[in-house]
Amino acid sequence: MKQNLVKKAGILLTVVGMSVSTMAMASNVVSDTVQLIDIAGKQRMLSQRIAKDYLYAGKNVAKAKATKELKASLSELNKSHKLLVDSINDPEIQNLLSFVQMSGEDFEATAKQPFNMDNAQLIIDLSESMLEGSQYVVNSLKKKVKIKESSIVGIAGRQRMLAQRIAKYYIAYQAGIKDKNTVDQMKTAVKKFSDAHKKLMKNQSNTPEINRKLNEIDRLWKIVYKFYMNIEKGGLPLIVFNTTNDITKKMNKITNLYVELYK
């Protein structure tokens, strides 16, 4: 009888140990995937920033800053892409990453070409392909973990992209690409940022630090979004460059805090 009890206790401890180990492994998978969502999300931002910087440097507005930022962004884009390729085993996502790499090569080559209107339009088009590919990777990773936390990281990370997208279309219009699509894309990006910002502000799992940083953006956004909406009037390219970079920097910190929160 005693031996049976000891045996049953041993089996129970083994099962519990295996369960704890399995839970720990599952937790690590979620944590790693959330971090990959952040990296893929940052690729979205870089796709917009690179095109923006090319246009700003080409039009001799904040040229030194834009040129330096462009070089750094291209380097980060390539390093992050390699990390995603090395970390993701899913065949469908790997296939998409191969396409993104081909587009990325054209993207980088164009970004290094002298500025003209044909290259300006081409780099905008390529930035859209890069954005679409990176967004697909983000969505695929979010489906893998199927938790609301990954969605919050994705939303916060997308704000970085939207800030750079706003600047991209603002300077594109000033550079001479004055079609309806430029204006519509700009105003859509502003609306998406506003809607997502409200959602993040209401997120119940926000820490005091996250709320404090979101409030910093809130105070700035309430002033500067009006400048962005006046894209057809123009005249404020330096303000747009600096404020969208400030918002991107702040949102990057917030996204990192969400990643740490859900580790």
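Nothing here was measured: the structure is a model prediction, and the numbers come from that model. (Residues numbered from 1 in each chain as written. Predicted model: local features only at pLDDT ≥ 70, side-chain atom pairs only at ≥ 80, totals over all residues. Heavy atoms only, no water.)

Caption draft 1: Quick peek at the overall build of the protein chain. Each helix and strand in the protein chain was counted, giving eight helices and zero strands. Each helix (α) and strand (β) of the protein chain, taken in turn from the N terminus, gives the series α-α-α-α-α-α-α-α. Summing over all exposed atoms, the protein chain offers an accessible surface of approximately 13,800 Å²; the carbon and sulfur share of this is 56%. (Helix = DSSP H or I, 4+ residues; strand = E, 2+ residues; numbered from the N terminus. Areas by Shrake-Rupley, 256 points an atom, 1.4 Å probe, with all protein chains shown as cover.)

Caption draft 2: Focus on the nonpolar core. By size, the foremost hydrophobic cluster in this structure holds 72 residues, and its most contacted members are Tyr-228 and Tyr-258. Only α1 (2–58), α2 (63–87), α3 (91–111), α4 (117–145), α5 (148–175), α6 (180–201), α7 (208–229) and α8 (237–261) provide two or more residues apiece to this core. At 14 residues, α5 tops the list of elements feeding residues into this core. Non-local contacts of Tyr-228, meaning those with residues more than four positions away in its chain, are made with Ile-166, Tyr-170, Met-186, Val-190, Trp-221, Val-240, Thr-243, Thr-244 and Ile-247. (Core = buried A, V, L, I, M, F, W, Y, C linked by side-chain atoms within 4.5 Å. Buried < 20%, exposed > 50% of the residue type's maximum accessible area, 1.4 Å probe, protein only. Contact = heavy atoms within 4.5 Å.)

Caption draft 3: Representation of α3. End to end, α3 covers 30 Å across 21 residues, agreeing with the expected 30 Å (1.5 Å per residue, within 8%). Along α3, the residues classified as buried are Ile-93, Leu-96, Leu-97, Val-100, Ser-103, Gly-104, Phe-107, Thr-110 and Ala-111. Projected down its long axis, α3 carries its buried residues within an arc of 130 degrees, all on one side. Residues of α3 that are exposed and point more than 90 degrees away from the buried face comprise Pro-91, Asn-95 and Met-102. If you check the start of α3, you find a side-chain oxygen 3.0 Å away from the backbone N of Glu-92, and it comes from Asp-90. (Expected span 1.5 Å × (residues − 1). Arc of directions from axis to C-beta. Polar contact = N/O pair within 3.5 Å; in protein donor to acceptor, adjacent residues only side chain to side chain.)

Caption draft 4: Broad picture of α2. Here α2 spans 36 Å end to end across 25 residues, near enough to the 36 Å set by a 1.5 Å rise per residue. Within α2, the full set of buried residues consists of Ala-66, Glu-69, Leu-70, Ser-73, Leu-74, Leu-77, Ser-80, His-81 and Leu-84.

Caption draft 5: Focus on the pattern of salt bridges. Overall, the coordinates contain 14 salt bridges when judged by the stated rule. We note a salt bridge from Asp-195 to Lys-191, for which the minimum N-O separation is 2.8 Å. Placement of both Asp-195 and Lys-191 in helix α6 is noted, with a separation of four residues, approximately one turn of the helix. With relative accessibility at 38%, the residue Asp-195 sits in the partly exposed group. Among the ionic pairs, Glu-216 bridges to Lys-250, the shortest N-O distance being 3.3 Å. (Salt bridge = Lys/Arg side-chain N within 4 Å of Asp/Glu carboxyl O.)

Caption draft 6: Structural context of the packing of aromatic side chains. All chains considered together, the criterion is met by five aromatic pairs. On the basis of an interplanar angle of 65 degrees and a centroid distance of 4.9 Å, the ring pair of Tyr-56 and Phe-241 is categorised as edge-to-face. Residue Tyr-56 is located in helix α1, and its partner Phe-241 is located in helix α8; the two are separated by 185 residues in the primary sequence. Pair check on accessibility: Tyr-56 and Phe-241 agree, each one buried. Grouped by ring-pair contacts, the aromatic residues Phe-193, Trp-221, Tyr-225 and Tyr-228 constitute a single cluster. The ring of Phe-241 has Lys-52 lying over it, and the distance from NZ or CZ to the ring centre is 4.3 Å. (Phe/Tyr/Trp six-rings, centres within 6.5 Å; stacked < 30°, edge-to-face > 60°. Lys NZ or Arg CZ within 6 Å of the ring centre and 35° of its normal.)

Caption draft 7: Representation of the packing of α6 against α7. Packing of α6 against α7 leaves a shortest axis separation of 11 Å and a crossing angle of 160 degrees. As far as their axial angle goes, α7 and α6 are roughly antiparallel. Read as a crossing pair, α6 and α7 show a hand that is left-handed. Contacts between α6 and α7 involve Met-186, Lys-187, Val-190, Phe-193, Ser-194, His-197, Leu-200 and Met-201 on the former and, on the latter, Asn-211, Leu-214, Asn-215, Ile-217, Asp-218, Trp-221, Tyr-225, Tyr-228 and Met-229. Here the contact of α6 with α7 is built from residues that sort into eleven nonpolar, four polar and two charged. (Axes fitted to C-alpha atoms, helices over the stretch in contact; angles between N-to-C directions. Parallel < 35°, antiparallel > 145°, perpendicular 65-115°, else oblique. Left-handed = near helix turned anticlockwise from the far one by under 90°. Nonpolar A, V, L, I, M, F, W, Y, C, P; charged D, E, K, R; others polar.)

Caption draft 8: Structural detail: the confidence of the model for the protein chain. Per-residue confidence for the protein chain averages 87 on the pLDDT scale, and 86% of its residues sit at or above 70. Low pLDDT, under 50, characterises residues 11–29; the stretch is placed with zero contacts to residues that sit more than four places away or in other chains. (pLDDT = per-residue confidence, 0-100.)

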